[in-house]
Amino acid sequence: MPLVKHLVKQKSRSWDRARSRTRVPLVDAWRFQREPSPTASGLHYDDVKAWVLPCSDSLRKTPVPRPPPSDLDEASPWVSPEFDDGDWQLVDLPHDSAIAGPYTDSVSCSMGHLPSPGVTWYRKTLHLPADDAGKSLFVDFDGAMSHSLVWFNGCFVGGWPSGYTSFRIELTRYARWGDRNVLVVRLDNPVPTDARWQSGSSRWYPGAGIYRNVWLVSAGPLRVGHWGTFVTTPVVSEASATVALQVCIENTSSDDTLVNVTTQIYELDERGVRRNGVAARTLNVLVPASGDATVRLRSTISNPKLWGPPPTQRPNRYLAVTTLRRGGLVLDEYETRFGIRTVEFRPDTGCFVNGERIRLQGVCNHHDLGALGTAVNVRALERQLDILAEMGCNAIRTAHNPPAPELLELTDRRGFLVVVEAFDAWAKGKTALDYHRLFEEWHEPDLRALIRRDRNHPSVVMWSIGNEVVEQGDGAEGAAIAAKLVAICHEEDPTRPTVSGMNSADPESPFAKRLDVIGLNYQGTGVQGGPARYPHFHERFTGKPIVGTETTNACSGRGVYTFPVAPQRAEPAKSGPGVDDTSKQVCSYDLYFAEWSYPPDEEFESQDRFEFVAGEFVWTGFDFLGEPTPFDESRSSHCGIVDLAGFKKDRFYLYQARWRCDVPMAHLLPHWTWPERMGQATPVFVYTSGDEAELFLNGVSLGRKQKAQFEYRLRWDDVVYEPGELEVVTYKAGRPWAKDSVRTAGDAQRLSLTTDRNVIDADGRDLAFLTVCIVDGQGVPVPQASNLIRFELDGPGELVATDNGNPTDRTVFSSPERHAFSGMALAIVRATPGRSGKIAIQASSPGLEPAAVEVAARERAS
C-alpha cells in the first residue's frame, strides 16, 4: 500500500473512533467526607488561585498568566487514586451535605443555622472505555458549593470558586482509557473568623457540597464548543420566522480541517420529544488546526408555532440539531432547544410577548427546595412551579444567583418569564466572605458563563447584573462597574436587556443611566411613608422601561392569627400585636411586613396607578432557609406566599384574586375555631376575584360589601365570634361568582393522609409529596393542632424528609417524626432505584386514628 494512502486511512480511522459525543450523568456512588477542620489539609483558595484562574480563560477576553507547575498533586493523601475511601459515606448527587444538620447557633440565622460552612471532599471511581481513546474528556459541574478544587488520577486539573456558576474542567491529559480512574473534588465554604461577620459567605442558606448535577463529556477533536451555539429569531411573524444560529467549532487536531456543518430544525412536543422537521441549512467551513471557527446559518420556518406564556399563549419549542461531517463521516452532533418569540419592554406600556401585553406577575425565589435543601430535584421544582402557576404567577427572578439548568428547562416548558440574576454583591461586600472577595478576578468569566449557558432559553427575558449592590450609591465609580457588566451582557447576548435591583439609587443616579431597564426594589411604591418613586424614575428616564424587581416583603406564619388586628393601615412586623414574641410567629392577616417594605395592597395600587410599570416580583414565592426576619432564632423565612413545606398561606389567595381575576374564587380568613374568643370581636377578611361579597355567620347575614377603587380585600372587623359556620358569597358585576366557608372544628380525632401523585418513577429521584391533616370526627381540619406525627414506610421506597412549614422548628428534616404546624405536616417519599411495586406509607399519632396511602413505583422503559 502506498505510504500516502496508508496515512489517509489511518487518519480516517482516528476520526472514526473519535467521532461520537457522549454526555453521561456522573451522579451515582460517590464517596463523601467532611474535613475535620477547615485547615486540616492546609489548602486555602488564596494560596491556589493562580492555578485555578486559568480554568476560565475561554470566558475571558484576556487570558490570565500561566503559573509555574504546582505541588497540588501532593496536597492531601485524599487526592491519591490509591487512597482507601471505603469508610467514607456513600452518596448520590445532587447532594447537599449540610441539610442533614444538626442545627447550630454557631452558624448565623442568615444561613439557616445549618452547618454549611466548612470543607468537604468527594471521590468518584469510574471506568473509561478503551474505544474512546483519542477523544477529549471533560467534567461539567452544574454547580458545586464552593471554592472547588478538582483532581483526576492524582493530578490537579482545576477548580472554580463561585458555588453558583456552571463550569467545565478538561481531564484528557490524565485519562486512563480502558482502566480505573478517580475523580476527587474538594469544596470549601469559608468559615468566618470575625464574630461581627457571623453570616460568613452568604445572606441566605447557600447549601453545601456538589448540590447540582455533574456530567462526564467526551468528544472528538473536531466538535461544537462548550455552550457553542446561540439561536436568535430576528424576524418573527405569523407567516414565517427567521432562525439565526451561530455555531462555534473547535479543532484540537494538528490539521486545518474542512468541515460540513448542517443544522436541521424540528418541532418539540410538550414533553420535549422531537417531532416534525421544519427546516434545514448546510455550509462548509475551514477550521484551523488547534483553533476554532464560528459559522452563522439562517433558516426560515413557515407558520411558526410561537413560544409564549399561558393562559393566552403556548410555550411551543423547537430543536436545532447541528451535525459536523468530514468527507461524509459524522464527527459531532449537538442539540439546541429554543423558542420562537418576540419580547419587548416598552417605556410607557411595559412588557409585550409576541405583541401581547403581559403584566409580569412574578416572584423572587431563592434556590433551596425546603426540606430537600439545595440539592436539585426536578420533581420538587415542578411542584413549586405548579403551585405558582395555580396562583397566577407567570414570572420568576432567580434571587440572587444563576439558577440550576433544570429550572430553566422547566420554565421553558411551562411558559414562565425569567429574570436571571448574576450577583448579590460586587466589589463591596455585604458579608465578610461573600462574592466581593472574588468579584475583581471572576466577574467576567462568571457572567459570560451564565449568559452562554442560558441565552438559548426562551423563558429568559432579562439579565440582572446585581441585587441591591452597595455600588449603586457610589456615583461615577459604581456606574462604571455597571457599564462594564452591561457591556459583557450585550457582547454575549445583544437580544435581551439588562437590569439591576436598586433599593437606594435615586432618579438622578449615574448608576441607573447605565441600565437598559430600571429595576426598583421596594422604593417604586415607597418605603417608611416615603413617596412612590415609580413616577419619578419614569419622568427622569423617559426612554427606559421600569419594573418592580423586588416588592412586598410581607411576613406571616401559615394559620397563625394574633389579636388585636392592625387597623386599615398595615404595620411593620416588629414588637406589636401582629408579632407573637413567645411563639416567634407573625400574624397571617397579611398586614405585617419588613420595615423596608409595605403590605401587598400598596404595591397593587402602584401597579394600577402607574400602568407604565411592567409588573412586579414579590419577595418571595416560597419561604426559604435562612434570613428569618424578624426572628433570628428561626431556621427559615416568614416572607413566602407559600411556606417552606409548600403549603399555601392566606396570602396565596390574595395574589390569586389579583393575578387570576377571571377565575371565580373566594377565600375566608381566619379559621373559625376560637373557643377562647367567645363573644369577642374577631375580624374576618375575604380575598376574592369578585368585586362584592356578603358574609354569613350561622346563616345570618353580616352585611354585603363592595370593593372600592384600589381596594383589594374586604374586611369585617367587628364580627363577634360564635362557633358554627362562616360563609361568604361573592359577586362580580352583580352576578354570583364564588363561595367559601370555614367551620368550627371539634377535638382532633384522626389523621388524613393524601399524596400529590399515586405513581412515581423507580429511579431514586422522582418524588411523592404527602400531606397530613389533623381532622375532627366530621373531617373538619383542626387548625391549631400540633400533635406529633410519625411516618412509616413498607415497600420499595424511602422517606426522604419531613416538614411542617414552621419557621421555628429545628427538628432535622430527615426525622420520621414531626409535629404538625397549624394542623398540617409533610412527608417526601422516593422509590428505591430499579424496584417497582407498592409503597405503603402510614402516618400515626398517639390518641388519633392513623391514616395510610399507597404510591406505586414504576420502572420506565429505557
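Look a little higher up for the structure.
Reading the values: the criteria
Each chain carries its own residue numbering, running from 1 in the written order of its sequence. Reporting of local features is limited, given that this is a predicted model, to residues whose pLDDT is at least 70; pairs of side-chain atoms are given and counted only at 80 or more, and all residues count toward the totals for whole chains, interfaces and linings. Hydrogen atoms and water are omitted, and side-chain values are computed over all heavy atoms in the structure. In this text, helices come from DSSP runs of H or I with a minimum length of four residues, and strands from runs of E with a minimum of two, each type numbered from the N-terminal end. Only C-alpha atoms enter the radius of gyration, while the globule expectation follows 2.2 Å times N to the 0.38, with N the number of residues. Exposure is judged per residue with a 1.4 Å probe applied to protein chains only, and the accessible area is read against the type maximum: over 50% gives exposed, under 20% gives buried, and values in between give partly exposed. Contacts were defined at the residue level, with two residues in contact if any of their heavy atoms lie within 4.5 Å. Accessible surface is estimated by sampling points in the Shrake-Rupley manner with a 1.4 Å probe; for residues, cover comes only from the protein chains shown. Think of it this way: Lys and Arg go in the positive column, Asp and Glu in the negative one, and His and the chain ends go nowhere. Charged groups are reduced to one reference atom each: NZ for lysine, CZ for arginine, CG for aspartic acid, CD for glutamic acid. Strand pairing follows a simple DSSP-based rule, namely that at least 2 bridges must link the two strands. Helix axes are fitted to C-alpha atoms over the stretch in contact, other axes to C-alpha atoms as well, and angles between N-to-C directions run from 0 to 180 degrees. What is meant by a nonpolar core is a set of buried Ala, Val, Leu, Ile, Met, Phe, Trp, Tyr and Cys residues, joined one to another through side-chain atoms within 4.5 Å. An angle counts as roughly parallel when it lies under 35 degrees, as roughly antiparallel when it exceeds 145, as roughly perpendicular when it falls between 65 and 115, and as oblique in every other case. The handedness criterion is simple: a crossing whose near helix is rotated anticlockwise from the far helix by less than a right angle is left-handed, and one whose near helix is rotated clockwise is right-handed. Three classes are used: nonpolar for Ala, Val, Leu, Ile, Met, Phe, Trp, Tyr, Cys and Pro, charged for Asp, Glu, Lys and Arg, and polar for all others, with Gly counted as polar. Working definition: a ring pair exists when centres of Phe, Tyr or Trp rings (six-membered ring for Trp) sit within 6.5 Å. Plane angles under 30 degrees give stacked, over 60 give edge-to-face, the rest tilted. Cation placement over rings: the criterion is NZ of Lys or CZ of Arg within 6 Å of the ring centroid and within 35° of the ring normal.

Asks: Just to check I follow, could you spell out the overall build of the protein chain for this structure?
Replies: Each helix and strand in the protein chain was counted, giving 10 helices and 48 strands. For 862 residues, the compact-globule estimate of 2.2 N^0.38 gives 29 Å, and the protein chain sits close to it at 28 Å. Across the 862 residues of the protein chain, 59% fall into the buried class. Considering only intrachain contacts with a sequence separation of at least 6, the fraction spanning at least 24 residues in the protein chain is 72%. Just so you have it, the protein chain exposes about 33000 Å², and 48% of that area is on carbon and sulfur atoms. Charged side chains in the protein chain number 93 positive and 110 negative. The centres of these two groups are separated by 6 Å.

Asks: Please clarify how the sheet that holds strand β27 (residues 546-551) should be interpreted in this entry.
Replies: Two orientations exist for strands paired in a sheet by backbone hydrogen bonds: parallel and antiparallel. In spatial order, the strands read β21-β22-β23-β24-β25-β26-β27-β32; together these 8 strands close into a barrel with parallel pairing. For this sheet the average axis-to-axis angle between neighbouring strands, irrespective of direction, equals 25 degrees. In terms of strand pairing, strand β21 (residues 360-365) meets strand β32 (residues 613-619) through 5 bridges, oriented parallel. Of the residues in β32, the one forming a bridge with G362 is F617. The strands touched by helix α6 (residues 475-492) within the sheet are β24 (460-467) and β25 (498-502), with β24 carrying the most contacts at an inclination of about 155 degrees.

Asks: For this particular structure, what's the right way to read the nonpolar core?
Replies: In this structure, W151, I210 and W426 are the most contacted members of the largest nonpolar core, which totals 86 residues. Setting aside its immediate chain neighbours within four residues, W426 contacts Y435, H436, F439, I465, G466, V469, E471, G478, I481, A482, L485 and F511. Counting residues in each nonpolar core, the second largest holds 78 residues, with L369, F631, V719 and V800 among its members.

Asks: Is there a simple way to explain the environment of S597 in this structure?
Replies: Inspection of the secondary structure puts S597 in the loop between β31 (592-593) and α9 (600-609). According to the relative accessible area criterion, S597 is buried, its value standing at 3%. Contact partners of S597, with chain neighbours within four places excluded, come to Y522, T552 and N553.

Asks: What am I meant to see in the environment of M824 here?
Replies: Inspection of the secondary structure assignment puts M824 in strand β46 (residues 824-831). It is 9.3 Å that separates the C-alpha atoms of M824 and N787, two residues lying 37 residues apart in sequence. M824 has contacts with R558, F647, T771, V772 and N804, leaving out every residue within four places of it along the chain.

Asks: How should the packing of α9 against helix α10 (residues 650-659) be read in this particular structure?
Replies: Geometrically, a packed helix pair is captured by the angle between its two axes and the distance between the axes. One way to put it is that α9 packs onto α10 with a least axis distance of 11 Å and a crossing angle of 15 degrees. By the angle between their directions, the pair α9 and α10 is classed as roughly parallel. Seen along the crossing, α9 lies across α10 with a hand that is right-handed. Here α9 contributes P600, D601, F604, Q607 and D608 to the contact with α10, which in turn contributes R651, L654, Y655 and R658. Residue classes in the contact of α9 with α10 are distributed as 4 nonpolar, 1 polar and 4 charged.

Asks: I'm lost on the packing of aromatic side chains in this one. Help?
Replies: Both the distance between ring centres and the angle between the ring planes are used here to describe each pair of aromatic rings. In this structure the tally under the stated criterion is 33 aromatic pairs. A ring pair is formed by F610 and F612, whose centres lie 5.9 Å apart and whose planes are at 35 degrees; its orientation type is tilted. The same class applies to F610 and to F612, which are both buried. Judged by centre distance (5.0 Å) and plane angle (55 degrees), the rings of Y655 and W659 are tilted. Separated by 4 residues within a single helix, Y655 and W659 lie in helix α10, roughly one turn from each other. An identical accessibility class is assigned to Y655 and W659; each is buried. An aromatic cluster of three or more residues is present, and its members are W78, F83, W88, W121, W151 and F156. The residue whose ring lies beneath R704 is Y731, and the NZ or CZ to ring-centre distance is 3.7 Å.

Asks: Looking at this model, I keep getting lost on the sheet that holds strand β18 (residues 343-346). Mind explaining?
Replies: Taking strand neighbours across the sheet as the criterion, the 3 strands line up as β18-β19-β20 in an open arrangement whose pairing is antiparallel. With one partner strand each, in any of the chains shown, β18 and β20 (356-357) form the two edges of the open sheet.

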